[in-house]
Amino acid sequence: MALDVDSVLNAVIQVLKDNTTTMAASMTSATDIKTIQAGDARSVPVTIDQYPAILVQLMREEESFAQMGQRNNLHILEFSIVPLVYEGGSASDSDKDVRMLVKNMKAVLKDNITLSSTAISSLPRSVDYFAADLDGRYCSGAMLTFETRHYST
């Protein structure tokens, strides 16, 4: 049976939603994450009152034979997880908060390595930080590359 990538996307989102308090810990701009959803950060899918926001997008799927003679295929999915923080006080506070949010997100994802049994493993691979001017407001962001591995027949 082919891998249901939508169920994996939903599992990633659910793990993040189940841990909003943990991810918001030590942030100065918020005590919780207001928006966690599938979406493309380039299209500014949330309004300014919905920050901090986390957007998850499936970027790539790779499939290969896992075992010769067997019908198991290895699927590697690559997700882009983009946290966005708007801190009205200062850009440096906003940048600090997005770094804290990424640190906490990585810890949550590492603690849920099987994504509620939908993956054989998963791992945050890299993070790129950036600033964004969204409708004249300074937002801090990051792009976390998250990889999951699955078997299917």
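Refer to the preceding data block for the structure.
Reading the values: the criteria
- Residues numbered from 1 in each chain as written.
- Predicted model: local features only at pLDDT ≥ 70, side-chain atom pairs only at ≥ 80, totals over all residues.
- Heavy atoms only, no water.
- Helix = DSSP H or I, 4+ residues; strand = E, 2+ residues; numbered from the N terminus.
- Rg over C-alpha atoms; globule rule 2.2 N^0.38 Å.
- Buried < 20%, exposed > 50% of the residue type's maximum accessible area, 1.4 Å probe, protein only.
- Pairing = 2+ DSSP bridges.
- Contact = heavy atoms within 4.5 Å.
- Salt bridge = Lys/Arg side-chain N within 4 Å of Asp/Glu carboxyl O.

Description of the overall build of the chain
- A count of helical and extended segments in the chain gives three helices and five strands.
- Going from N to C terminus, the chain has its helices and strands arranged as α-α-β-β-β-α-β-β.
- Taken over C-alpha atoms, the radius of gyration comes to 16 Å for the chain, in line with the 15 Å a tight globule of 153 residues would show.
- Reported as C-alpha extents along the three principal axes, the dimensions of the chain are approximately 60 × 25 × 20 Å.
- Here the chain, with 153 residues, has 41% of them falling under the buried criterion.

Side note on the pairing of strand β2 (residues 53–65)
- Sheet topology note: the strand β1 (residues 35–38)/β2 ladder contains four bridges and is parallel. Looking at the pairing, I36 lines up with I54 of β2.
- Inspection of the sheet shows β2 paired to strand β3 (residues 73–86) by 12 bridges, in the antiparallel sense. Residue pairing across strands places L58 opposite F79, the latter belonging to β3.

Structural notes on the environment of F65
- Relative to the helices and strands, F65 is located in strand β2.
- For F65, a relative accessible area of 66% translates into the label exposed.
- The contacts of F65, once residues within four sequence positions are left out, are N72 and N73.

Let's talk about the pattern of salt bridges
- Evaluated as defined, the whole model comprises four salt bridges.
- Across the pair E62 and R60 runs a salt bridge, and its minimum N-O distance is 3.2 Å.
- The partly exposed category is assigned to E62, whose relative accessible area is 36%.
- A salt bridge links R125 to E78, with the shortest nitrogen-to-oxygen separation between them at 3.0 Å. Of this pair, R125 sits in strand β4 (residues 121–134) while E78 sits in strand β3, and the two are 47 residues apart along the sequence.

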